[in-house]
Amino acid sequence: MPAPAAIEPRLLRAFVAVAEELHFTRAAARLYVAQQALSRDVRRLERELGAELFVRTTRQVTLTADGERLLPHARRVLAAQDDLLAAFGQARPLLVDLNSAGLLTGRRVLHRARELAPDCELMARYESGLTGAAAEVLAGRLDVSFGRFAGVDPALRSGLEQQPVRYEPMAVVLPDGHPLAALPEVPLAALAGETVYAGAGNPRTREWTDLALHLFEGRGIRLAPPLPLPVGDEEFERIMAKTRNVILAVVDFPAMPRSVLRPLVDPVPLSPVSLVWRKGLVHPGLTALRRAASDIARAEGWLRRPTDRWIPAADDDVMSAH
């Protein structure tokens, strides 16, 4: 592959987006450009390199051998450019996954970070769970996420860094009329014999289902089987109303119609939340997020653990080691 005198970073960004999406329409949406402009940039890069980077058919897009060879080099060049721009206050937008629009912890950290770094563009995304988001972070399609770091596959964790943010007390959402709904708090032992929904079957939230399985073990609590995967709050509420399942949640879980939220006690189960990002990421927005998380955790005791608590040993190790 002949080396040109210079390559514009924009062309490399176009190439990397298509290489990772293997779909021109999705890559264009990711970069907020028209598909024609994206295709034009890829063709220009191919001309400058004197090499075909993609095999395009009506059904699919695949990388050629030259495309496979270029991809790691292009990623390194773009990472270096991002670092350079960040060092001089010209950072690109930072994509911050909040898991779900209704969850409070990540949203509060993001809002405070925007106050700390008003010149940075911190853009919210919603990827449902950290398992799904971690792969997106490593691929460069997201920058930051929140969630249970110990529940992510070790192969993914090796490319990520994390900062403990909060021990979220866990809760249950009970349908109106459920016998436990009259209690102000629900002892864990009272869930014996219940079937509780904890995202089983959702590949993006495996860390949450795994936490539930640890919690339910030996307590006679059944994990609800997989359901049709709802997309959006309205569909989730509709499916849950139809099944009338108890839902495992956290104390800041958003209100749902025809249901009540009750904290779990005796012991208090904790859901550990970390701020998670790609190793080596340098960005003023990340610095603001880390400071915001530390400030709120300190002011509100987010990292204090109640004496009567439950948390898996692996999570305790991850959160305490930082």
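Residues numbered from 1 in each chain as written. Predicted model: local features only at pLDDT ≥ 70, side-chain atom pairs only at ≥ 80, totals over all residues. Heavy atoms only, no water.

## Quick look at the packing of helix α1 (residues 9-21) against helix α3 (residues 35-49)
At a minimum axis separation of 9 Å, α1 and α3 run at an interaxial angle of 110°. Between α1 and α3, the interaxial angle falls into the category roughly perpendicular. Contacts between α1 and α3 pair Arg10, Leu11, Leu12, Ala14, Phe15 and Val18 from the former with Leu38, Asp41, Val42, Arg44, Leu45 and Glu48 from the latter. For the contact of α1 with α3, the residue count by class is 8 nonpolar, no polar and 4 charged. (Axes fitted to C-alpha atoms, helices over the stretch in contact; angles between N-to-C directions. Helix = DSSP H or I, 4+ residues; strand = E, 2+ residues; numbered from the N terminus. Parallel < 35°, antiparallel > 145°, perpendicular 65-115°, else oblique. Contact = heavy atoms within 4.5 Å. Nonpolar A, V, L, I, M, F, W, Y, C, P; charged D, E, K, R; others polar.)

## Considerations on the packing of α1 against helix α2 (residues 24-31)
Interaxial distance between α1 and α2 falls to 8 Å at its minimum, and their mutual angle equals 130°. By the angle class used here, α1 and α2 are oblique. Considering the relative orientation of α1 and α2, their crossing is right-handed. In this structure, α1 uses Arg13, Ala14, Val16, Ala17, Val18, Glu20 and Glu21 to contact α2, whose residues at the interface are Phe24, Arg26, Ala27, Arg30 and Leu31. Class assignment of the residues belonging to the contact of α1 with α2 gives a composition of 7 nonpolar, no polar and 5 charged. (Left-handed = near helix turned anticlockwise from the far one by under 90°.)

## So, the pairing of strand β3 (residues 94-97)
Where burial is concerned, the two faces of β3 agree: the one with Leu94 and Val96 and the one with Leu95 and Asp97 are both buried. Across 4 bridges, β3 lies against strand β4 (residues 122-125) in parallel orientation. The partner of Leu94 across the bridge, within β4, is Leu122. Of the crossover connections in this fold, the one passing from β3 over helix α5 (residues 104-116) to the parallel β4 is right-handed. (Buried < 20%, exposed > 50% of the residue type's maximum accessible area, 1.4 Å probe, protein only. Pairing = 2+ DSSP bridges. Right-handed = clockwise from strand over helix to strand, strands pointing away.)

## Quick look at the side chain of Thr105
Of note, Thr105 is situated in helix α5. With a relative accessible area of 4%, Thr105 lands in the buried category. There is a polar contact of 2.8 Å between the side chain of Thr105 and the side chain of Glu168. (Polar contact = N/O pair within 3.5 Å; in protein donor to acceptor, adjacent residues only side chain to side chain.)

## Description of unusual backbone geometry
Here the bond from Asp266 into Pro267 is cis, since omega is 0°, no more than 30 degrees from zero. Turning to its location among the elements, Pro267 is positioned in the loop between β11 (259-265) and β12 (268-278). Despite not being glycine, Leu22 shows a phi value in the positive range, around 50°. Locating Leu22 in the fold gives a position in the loop between α1 and α2. Looking at Leu22, the relative accessible area reads 36%, which means it is partly exposed. Positive phi values are uncommon outside glycine, yet Asn99 reaches one of about 70°. With respect to the secondary-structure elements, Asn99 resides in the loop between β3 and α5.

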